[in-house]
Amino acid sequence: MVVLAMRSVRQRPGRFLATLLSAFLGAAIVMTFHSMHDTAGQPGVDPVSSETLTTAAGVVGGYGTLLVFFAVASTLTVNVRQRAAELELLRCSGATPAQLRRMVVGEAAVVALVGAALAVLPAVLGGRLLLEVFRDSGQVARSVDHSFGVVALVSGIGITLLAAAGAAFLALRRAARGHRRRGGARAFLTYAALVAGAVAVCSTFAFSATDSALMAPPAYGSILLSVGLALMAPRLLQAVLDRLSPGGASGWLAVRNLRQRSGQLAGILMSLILFTAVSTATLTMQAVESEAVAASGLVKSVDAKNLETLNFTVVGIVVVFVCVMLVNSMYAATSYRGREFGQQRLAGATPGQVLGVVGAEGLVLTVTGLLFGTPAALAGIVPFTVVRGDAVLPEQLVGVWAAVASIGAAATLGTSLATARRVLRTPVVRAVAPAA
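An unreviewed UniProt entry annotates the chain as ABC transporter permease of Streptomyces virens. The chain has a UniProt comment under Sequence similarities (unreviewed entry) that states "Belongs to the ABC-4 integral membrane protein family."

Topic: the pattern of salt bridges
Counting across every chain of the model gives six salt bridges. Between glutamate 132 and arginine 135 there is a salt bridge, with its nearest N and O atoms 3.2 Å apart. Here glutamate 132 and its partner arginine 135 are both found in helix α6 (residues 120-136), three residues apart, which amounts to about one turn of the helix. As a salt-bridge pair, glutamate 132 and arginine 142 come within 3.0 Å of each other at their nearest N and O atoms. One end of the pair, glutamate 132, is in helix α6; the other, arginine 142, is in the loop between α6 and α7 (150-177), with ten residues separating them in the sequence. Note on arginine 142: relative accessible area 52%, which makes it exposed. Each of Glu132, Arg135, Asp136, Arg142 and Asp145 takes part in one network of salt bridges that share partners.

Observations regarding the nonpolar core
Ranked by size, the top nonpolar core spans 30 residues in total, and within it Ile268 and Leu365 carry the most contacts. Contributing elements (two or more residues each) for this core: α9 (216-231), α10 (233-242), α11 (248-260), α12 (266-296), α13 (302-335) and α15 (351-389). It is α12 that provides the largest number of residues to this core, a total of eight residues. With residues near it in sequence (within four places) discarded, leucine 365 still touches Leu237, Leu258, Leu265, Ile268, Leu269, Leu272 and Met330. Counting residues in hydrophobic clusters, the runner-up holds 20 residues, among them Ala95, Ala163, Ala171 and Leu172.

Calculation notes
- Residues numbered from 1 in each chain as written.
- Predicted model: local features only at pLDDT ≥ 70, side-chain atom pairs only at ≥ 80, totals over all residues.
- Heavy atoms only, no water.
- UniProt positions renumbered as here; feature names shortened; annotations may be inferred.
- Salt bridge = Lys/Arg side-chain N within 4 Å of Asp/Glu carboxyl O.
- Helix = DSSP H or I, 4+ residues; strand = E, 2+ residues; numbered from the N terminus.
- Buried < 20%, exposed > 50% of the residue type's maximum accessible area, 1.4 Å probe, protein only.
- Core = buried A, V, L, I, M, F, W, Y, C linked by side-chain atoms within 4.5 Å.
- Contact = heavy atoms within 4.5 Å.

Printed below as a string of C-alpha cells:
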C-alpha cells in the first residue's frame, strides 16, 4: 500500500496540490518560529533576548501547530470525499479497510514530507527576517545571530507529518461513517470549548486596567468560543438555511445546494468563523491597548512590545492560513462540480445564471461565518474595553470588522466565482460525459 500511495501521488499530483500548499505553508511557519528556540539557545544570548525569542517561538509555534492541522485536515477531507467512488472500487476489488487507511495516510505523509522539505529554505529566510524585526524594535540585542538548527527541523517536519497523517486518518474515518450518527466526542469538545471560553471571558473582570496580562483572558476566551462555534458549523449552517426565504430561481437553487452539501462545506464555514473571531478580537484589543498607552504618555515596555508583536504576528498567520484554507476548500468544492454545472446548462440555465447560483452560495456562507464569528469576537472585546477604558464598544471596532469582513468575502466569493467560471469553459457535452 505504501508503493500504491507513492504511485498515486506521482500519477495524479494535481489532486494533492492543495494539501501540498497547506503543508508547505504550515511547515514554513512552524520552522520559522521554532528557529527562535535554536537562536535563543546559542551561547552568549542575554536573558531579555532569550525570553523574547522563546516566548515568540512558544506562542506562535503553538498557534501554527493548530493551524497546520486545520489547514491540512480541510483539504484532505475534501480530497477523500471526492475519491469516494475510487476508494469503494478498491474495497470491492479486495482491499481491506486497514489497507485503504494505510494508502490514504501514506499519500498524506508523502505530500507532507515534500511540503516540509520545500519549506526549509523559506523558513531560514523567514527566521532571519523575524529576528531582524525583533532587533529593530529593541526586543533582541543586535549581537544575537540567527540560528536554524535541530529544533526547527524536527518540529517542522514532525508536526507537519503528524498533522497530515492524523488528518488523513480522521478524514477517511469520517467518510467511511457516511451519514451514520456521530459519537459524542464532537459534542463534548464543542461544549467544553464554549464553557472554557465563557469562563476565560468572565475572568477578565478579575484584572485591573494596568495588569500586563489583561489581554490574555478575553483573547483566549474569544478563540475558545470561536472553536466551539466552528465545531457546530454544520448545524449552524442548517439553522440559517431553515430561516432563509430565497427569492428567484438562483436563490432557491443556492439554498437547496447548500442544504444538501452542508457537511462538505462545514470546513469552509469553520475557517470563516475562526478567521472573523480571532482577527477581529485580537486587532481591536491591540488597537485599544495601544491607544490607551499613547494617551497615558508612557513608553511601551519590552513585554508590551513583545505582546504587540505576537498579536500582529498571530493575526497575520491566521489571515494567511485561513485564506489558504478558504481558497483551497472553495476551489476543491467548486472544481469537481463540472458535471452538475453541465446538467444545469442542458436544462436551460445560462452560464450567468450558474454563476449567480454559485455567488449566492458563497454569499450565504460568508454571511453565516460573519454572523457567528462576530459574537465570539465581541465576547472578548467588550470585557476588555470595559476594564481597560471604561467603554463598551471601542471606536476601532467598526474599521477592523469591515477589513476582516472584506478579506473573508473576497476569499470566499472570489475563489468560488473564479473557479466556477473556469469550470464553465468546459464544453457541455464533455462536462456531462461519464468519467472514463
